[in-house]
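# Observations on the three-dimensional arrangement
Chain by chain, the residues run as shown.
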Amino acid sequence: MNETQGGAHLLELQEVDAAYGPVQALKRVSLHVDAGEIVTLIGANGAGKSTLLATVFGEPRAARGHIRFNGRDITGIATHEVAKLGIALVPEGRRIFSGMTVEENLLMGTICIGPAHVEPDLIKVFEMFPRLKERLRQRAGTLSGGEQQMLAIARALMGRPGLLLLDEPSLGLAPLVVRQIFETLAEIAAAGTTVFLVEQNANHALRLAGRGYVLVNGEIRLSGTGNELLANPEVRKAYLGGH
Amino acid sequence: MELHIFAQQLLNGLSLGAIYGLIAIGYTMVYGIIGMINFAHGDVYMISAYLTAIAMSVVFSFGVDSVPFALLIILAVAVLVTAAYGWVIERIAYRPLRGSTRLAPLISAIGMSLVLQSYVQVSQGARNQGIPTLIKGSLRIGSDTKFVQMTHIQLLIVAVTVAAMGALTFVIQRTSLGRQCRATQQDRKMAGILGIDTNRIISTVFVIGASMAAVAGVLVTLNYGSFDFSIDFITGIKAFTAAVLGGIGSLPGAMLGGVILGMSEALFSGFVNTDYKDVFAFVLLVVVLIFRPSGLLGKAEFEKV
């Protein structure tokens, strides 16, 4: 959907600094995601992973550096304009609208593109997550953790994003559900959506991703293909429990 | 206790409560979406009373002699202009303070209230204003000695309130705009990430609140026929009480709180004492806050981080 123009990366962060209040969260972060890739960013709690994704949406704004999407500089644009470019976020903690029904949550995902494709897109997400169809009229707050995660992903997909950003989708979920989520991510990528995944669950993330970055204290420490990073002794020691 | 007097007071309370409920909507929706008490909301209601009188004199100076037609025009003018006030107030007094401390917009609201009150006092005069009675007559049920009655204007108040609430409930529950309002209320940051222009939604909420207050202002002015620049205070604070009583942030709560407050005030006036009816209303508020701090239909609030 989002063809790369003139050799530009789909998403590119160039020397980005960002801070939450007085705490500097990101230092000179540069990375890129190309169309069709699955890229992951791993790092410990507090390394700045969530801040990095939030910065793409301008909350907080990058204090310096540039963020480009399809070659266009989006560093300073309004938060609500980012979704309209075709970037969707599945945020940490899912942030579904718990007081609204499952159906209403899914409709919220279409705000950025309008209601034209609602019917066929609902059918698509129900194929991917049949549970959501069963619970369509239920309040989203009554769903289980795994179902809420599915809803958050489905809501993001309803906006037909070219780039899907996910912030720790495996957090707090049972191993079986985690496996299911990662299988779904592979399906989503195979269907043509570029995926940028932030994870603490390095094992799953690096197996899924073509490339990865390692974020330590707000700085990119390492980068490479998924397999390279899986084999890297430093990564094995810090993120894979030394196995 | 005579049953028909009791019933009569309940009916009086119903039309009074409908007014409180209409104004309470503005307090409760604004609180729901940006977590502030809009102390200038009562002034918006007061302005709509003046607009009613102005629109009425203009309409009649054009020789309109159909009362329903005149009422429609008066209502439309009052709602549109008052809504514009609501929009402007948010833009100049609250939006620049977004992201500031919680107290800043509250203080700005008090300032806005004083500005509006003084502005009306200076431009319209401090004297009590009056309008002619447009709607006369009443509906009476019962025997010659034991009856209940509602004036036609009381019936109009209840009917218009039900219609306005119905329309608002439809918009909030069934339309995309309503879903965007609810989403912004629940999680403003996520709403923005999904592509909702949350500033526009907040403006819309102020416009809706002001419109509802304008409907109340028109109805009250038609009913009492007189008003001045200081009607904002007591009615505003009663409507605020209604919003807190029902559970601030809750739309049905605002309506329920309004009706309960109106009815209990009317019963207190009818059976105990008229002079202390305001005291009674606020005692009711205190009692509810002690035993049910989140109001009748409100949810317990968690501090958002």
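One can find the structure itself at the top, above this paragraph.
Presented here is a report on the structure given in the accompanying data block.

About the thresholds
- Residues numbered from 1 in each chain as written.
- Chains lettered and ligands numbered in written order.
- Predicted model: local features only at pLDDT ≥ 70, side-chain atom pairs only at ≥ 80, totals over all residues.
- Heavy atoms only, no water.
- Helix = DSSP H or I, 4+ residues; strand = E, 2+ residues; numbered from the N terminus.
- Rg over C-alpha atoms; globule rule 2.2 N^0.38 Å.
- Buried < 20%, exposed > 50% of the residue type's maximum accessible area, 1.4 Å probe, protein only.
- Areas by Shrake-Rupley, 256 points an atom, 1.4 Å probe, with all protein chains shown as cover.
- Lys, Arg positive; Asp, Glu negative; His and termini not counted.
- Charge placed at Lys NZ, Arg CZ, Asp CG, Glu CD.
- Expected span 1.5 Å × (residues − 1).
- Bend = angle between axes of the 7 residues up to and from the residue.
- Pairing = 2+ DSSP bridges.
- Disulfide = S-S within 2.5 Å.
- Contact = heavy atoms within 4.5 Å.
- Buried area = accessible area lost by both parts, 1.4 Å probe.
- Salt bridge = Lys/Arg side-chain N within 4 Å of Asp/Glu carboxyl O.
- Polar contact = N/O pair within 3.5 Å; in protein donor to acceptor, adjacent residues only side chain to side chain.
- Nonpolar A, V, L, I, M, F, W, Y, C, P; charged D, E, K, R; others polar.
- Patch = residues over 30% accessible without salt bridge, like charges linked within 9 Å, V, L, I, M, F, W, Y side chains within 5 Å.
- Axes fitted to C-alpha atoms, helices over the stretch in contact; angles between N-to-C directions.
- Parallel < 35°, antiparallel > 145°, perpendicular 65-115°, else oblique.
- Left-handed = near helix turned anticlockwise from the far one by under 90°.

## A few points about the overall build of chain A
- In terms of helices and strands, chain A carries 10 helices and 10 strands.
- The C-alpha atoms of chain A give 17 Å as radius of gyration, which agrees with the globular expectation for 243 residues (18 Å, within 12%).
- The principal-axis extent of the C-alpha atoms belonging to chain A is close to 45 × 40 × 35 Å.
- Burial analysis of chain A (243 residues in total) assigns 55% to the buried set.
- For chain A, the accessible area works out to roughly 10400 Å², and carbon and sulfur atoms hold 50% of it.
- Computed over 24 positive and 25 negative side-chain charges, the inter-centroid distance for chain A is 4 Å.

## Some remarks on helix α1 (residues 3-34) of chain B
All names here are of chain B.
- Spanning 32 residues, α1 covers 45 Å between terminal C-alpha atoms, matching the ideal 46 Å at 1.5 Å per step.
- In α1, a bend of some 30 degrees at Ala 24 exceeds every other bend along the element.
- In terms of residue burial, α1 counts as a mostly covered element, since 23 of its 32 residues are buried.
- Once α1 ends, the next one or two residues include Gly 35, with phi positive near 65 degrees.

## Quick notes on the pairing of strand β1 (residues 11-20) of chain A
All names here are of chain A.
- Looking at chain direction, β1 and strand β4 (residues 62-69) are connected through 6 bridges and run antiparallel. The residue of β4 that forms the bridge with Leu 13 is Ile 67.
- Direction of pairing for β1 relative to strand β2 (residues 23-33): antiparallel, over a ladder of 7 bridges. Of the residues in β2, the one forming a bridge with Ala 18 is Leu 26.
- Where β1 folds back onto β2 in an antiparallel hairpin, the turn is made up of 2 residues, including Gly 21, whose phi is positive at roughly 60 degrees.

## A look at the state of the cysteines
- The tally for this structure, following the rule as stated, stands at 0 disulfides over all chains.
- Note on Cys112(A): no disulfide assigned, nearest cysteine sulfur contributed by Cys181(B) at a separation of 18 Å.
- Accessibility expressed as a relative area gives 5% for Cys181(B), which makes it buried.

## So, the interface of chain A and chain B
- Opposite the 21 residues of chain A that make contact, chain B presents 17 residues.
- Each partner contributes to the roughly 1800 Å² buried at the junction of chain A and chain B, and carbon and sulfur atoms together form 63% of this total.
- The largest per-residue losses of area from chain A upon contact with chain B belong to His80(A), Arg95(A) and Phe97(A), which jointly make up 31% of the total buried on that side.
- Counting across the interface, chain A meets chain B through 2 salt bridges.
- A salt bridge links Arg95(A) to Asp187(B), with the shortest nitrogen-to-oxygen separation between them at 2.8 Å.
- Counting the contacts that link chain A with chain B gives 5 residue pairs in polar contact (both at pLDDT 80 or more).
- Listed by contribution, the elements that provide at least two residues to the side of chain A that touches chain B are α2 (79-84) and α3 (102-108) of chain A.
- If you tally residues by element for the side of chain A that touches chain B, the top one is α2(A), at 4 residues.
- Partitioned by chemical class, the residues of the side of chain A that touches chain B number 11 nonpolar, 5 polar and 5 charged.

## Regarding the pattern of salt bridges
Residues and elements named next belong to chain A.
- Summed over the entire model, instances satisfying the criterion amount to 19 salt bridges over all chains.
- When the shortest N-O distance is used, the salt bridge between Glu 12 and Arg 68 registers 3.6 Å. Taken together, the positions of Glu 12 in strand β1 and Arg 68 in strand β4 put the pair 56 residues apart, joining distant regions of the chain.
- Relative accessible area serves as the criterion here: at 23%, Glu 12 is assigned to the partly exposed category.
- On the basis of relative accessibility, which here comes to 21%, the residue Arg 68 falls in the partly exposed class.

## Points about a nonpolar patch on the surface
- A contiguous nonpolar patch, built from Tyr276(B), Val279(B), Val283(B), Val286(B), Val287(B), Ile290(B) and Phe291(B) and spanning about 710 Å² of accessible area, is present on the exposed surface.
- Considering the arrangement of structural elements, one finds Tyr276(B) in the loop between α10 (251-271) and α11 (277-291).

## So, the packing of helix α9 (residues 231-246) of chain B against α10(B)
All names here are of chain B.
- At their nearest, the axes of α9 and α10 sit 7 Å apart, and the two run at 120 degrees to each other. Classified by the angle between their axes, α9 and α10 sit oblique to one another. Both α9 and α10 take part in a crossing whose hand is right-handed. Residue-level inspection shows Lys 238, Thr 241, Ala 242, Leu 245 and Gly 246 of α9 in contact with α10, the latter providing Gly 253, Ala 254, Gly 257, Gly 258, Ile 260, Leu 261 and Glu 265.
- Within the contact of α9 with α10, the residues separate by chemical class into 5 nonpolar, 5 polar and 2 charged.

## Examining unusual backbone geometry
All names here are of chain A.
- Following Glu 59, the chain continues into Pro 60 via a peptide bond in cis, with omega recorded as 5 degrees.
- Mapped onto the secondary structure, Pro 60 falls in the loop between α1 (49-56) and β4.
- Located in the positive-phi region is Glu 15, a residue other than glycine, with phi close to 50 degrees.
- Note that Glu 15 resides in strand β1.
- Not every positive phi belongs to a glycine, and Asn 217 is a case in point at roughly 45 degrees.
- Here Asn 217 lies in the loop between β9 (211-216) and β10 (219-225).
- Asn 217 gets classed as exposed once you look at its relative accessible area, which sits at 54%.

## Some words on the packing of α1(B) against helix α8 (residues 198-224) of chain B
Residue and element names in this part refer to chain B.
- Orientation of α1 relative to α8, taken along the N-to-C sense of each, is 165 degrees, at an axis distance of 9 Å. The angle between α1 and α8 falls in the class roughly antiparallel. Where α1 crosses over α8, the two elements pack in a sense that is left-handed.
- Looking at the contact of α1 with α8 residue by residue, the class counts come to 21 nonpolar, 2 polar and no charged.

## Some words on the sheet that holds strand β8 (residues 194-199) of chain A
Residues and elements named next belong to chain A.
- Read from one edge to the other, the open sheet built from 6 strands follows the order β6-β7-β8-β3-β9-β10, with strand pairing classed as mixed. Each edge of the open sheet is held by one strand with a lone partner, namely β6 (87-90) and β10. The average angle at which neighbouring strand axes cross in this sheet is 15 degrees, direction not considered.
- Of the pairings in the sheet, the one linking strand β3 (residues 38-43) to β8 comprises 5 bridges and is parallel in character. Residue Leu 41 lies in a different strand from β8, and its bridge partner there is Val 198.
- Against the sheet, helix α7 (residues 175-190) makes contact with β3, β7 (163-167) and β8, and its axis sits at roughly 155 degrees relative to β8, the strand it touches most.

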